[in-house]
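Descriptive structure summary
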Amino acid sequence: MKTKMLINALLIVAVAGSLWSCSKGSKSEGGGNTPVASTGNPIVPPVTTPDNYGPTGPGQGYNASNWPTDGSTAVFTPVSLTMMNSWVGLHPLNDPKNYRIRVQLQKTYKYNSSGAVIAGPFYAGFVSLGYTDNGVWYDSYMDAGTGTNVTCSNCKDNGELEAKYNYFYRGSNGTIVFSGFFQDAYGAVVLTLEPETAGGADAEGGSSWKGRLFWRNFAQSVNPQSPYRKCWFIYDGPYRCDSSTVSTKASINPIANYQFLGSFTGLKKSAVIR
């Protein structure tokens, strides 16, 4: 059974065994449009670590009232209860409500051996999706790191930015939009961002965004995911989560190999990008 959501601390002990029985997969091809150049000064980004995510780490019972402290939060509208049930997988949904999506992105760049920027910005960060069901708050945490892939023998994509495929680009209608991969222990999501108002400012320059979330859970496996690669850099097996639609920026919707989970509006750029 595919699984996805991380749960409240009060329940995690009861389900810990089932959590570890689930698995992941992934890889993505290269190519794609050139990232839109940033007008800001290059920075050397610190590690993206939400500093208020929970009392004992990601997913361990976040307090819903404190949830919007990192990034920007918006109301999330699932495409259907059936689709949410499929994505969650860990427990059946009864009467979920108060859906929220929270996003924080951080610019990261590719540098040459002299420390000069040669590509970017790309966007590391995290996507969280939460809801209340039967009075209990549940949330998830999917991320893409600021660092680079470790170098290992017989490995592909050594030294590539973990957030290599996460950037703004000019879409088919000429508007600058965004798509990118994020993952947790149970699967991956693709986040897309567009200008909130049709005909308004580009997503890169606008003050607020609308967007969609697409999902792909991992197949069951007796072996854990490699610690050396995020799933979009895995080429075969249960932990593969690549999509050429994202890696080549062929389209912002639909996303090949992923299912549409839901949409949102009103995500504030000033709170999302740090």
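So, here is what we can say about the structure in this document. Since the structure is predicted, the reported quantities are computational estimates derived from the model, not experimental observations. (Residues numbered from 1 in each chain as written. Predicted model: local features only at pLDDT ≥ 70, side-chain atom pairs only at ≥ 80, totals over all residues. Heavy atoms only, no water.)

Quick look at the overall build of the chain
Secondary structure assignment for the chain yields 4 helices and 10 strands. Along the chain, from the amino end to the carboxyl end, the secondary structure elements read α-β-α-β-β-β-β-β-β-β-β-α-β-α. Counting only residues that meet the buried cut, the chain has 52% of its 274 residues in that class. Sequence-distant contacts, at least 24 apart, represent 71% of the contacts inside the chain between residues at least 6 apart. Here the chain has roughly 12000 Å² of accessible surface; of this, 52% comes from carbon and sulfur atoms. (Helix = DSSP H or I, 4+ residues; strand = E, 2+ residues; numbered from the N terminus. Buried < 20%, exposed > 50% of the residue type's maximum accessible area, 1.4 Å probe, protein only. Contact = heavy atoms within 4.5 Å. Areas by Shrake-Rupley, 256 points an atom, 1.4 Å probe, with all protein chains shown as cover.)

Structural notes on the state of the cysteines
Counted by the stated rule, this structure contains 2 disulfides. Linked covalently through their sulfurs, Cys152 and Cys155 form a disulfide whose S-S length is 1.9 Å. Measuring handedness by torsion sign, the sulfur bridge of Cys152 and Cys155 sits at about -110° and is left-handed. Here Cys152 falls in the buried class, since its relative accessible area comes to 16%. Assessed through its relative accessible area of 30%, Cys155 is described here as partly exposed. The disulfide partner of Cys231 is Cys241, and the gap between their sulfur atoms is 2.0 Å. Its S-S torsion of about 80° marks the bond between Cys231 and Cys241 as right-handed, since a negative value means left-handed. Of this pair, Cys231 sits in the loop between β9 (208–217) and α3 (244–247) while Cys241 sits in the loop between β9 and α3, and the two are 10 residues apart along the sequence. Taken in N- to C-terminal order, the disulfide-linked cysteines of the chain are connected 1-2, 3-4. (Disulfide = S-S within 2.5 Å.)

A few points about the side chain of His91
With respect to the helices, strands and loops of the structure, His91 is situated in the loop between α2 (81–88) and β2 (97–111). Here Tyr131 takes part through its side chain, which lies 3.0 Å from a polar atom of the side chain of His91. (Polar contact = N/O pair within 3.5 Å; in protein donor to acceptor, adjacent residues only side chain to side chain.)

What to know about unusual backbone geometry
Omega for the bond connecting Gly120 with Pro121 falls within 30 degrees of zero, at 10°, which places this linkage in the cis form. Its place among the elements puts Pro121 in strand β3 (residues 117–133). Asn253 connects to Pro254 through a cis peptide bond whose omega is 0°. Along the chain, the position of Pro254 falls in the loop between α3 and β10 (259–268). For Asn98, which is not a glycine, the phi torsion comes out positive at approximately 55°. Positionally, Asn98 belongs in strand β2. In this structure, Asn257 takes a positive phi of about 75° despite not being glycine. Tracing the chain through its elements places Asn257 in the loop between α3 and β10.

Side note on the nonpolar core
Residues Met84, Trp87, Ile101, Leu105, Leu191, Leu213 and Leu261 are the most contacted members of the largest nonpolar core, which totals 49 residues. With 5 residues, strand β8 (residues 187–195) is the single largest residue contributor to this core. Counting 8 residues, the second-largest nonpolar core is a separate cluster that includes Phe122, Ala124, Ala163 and Ile252. (Core = buried A, V, L, I, M, F, W, Y, C linked by side-chain atoms within 4.5 Å.)

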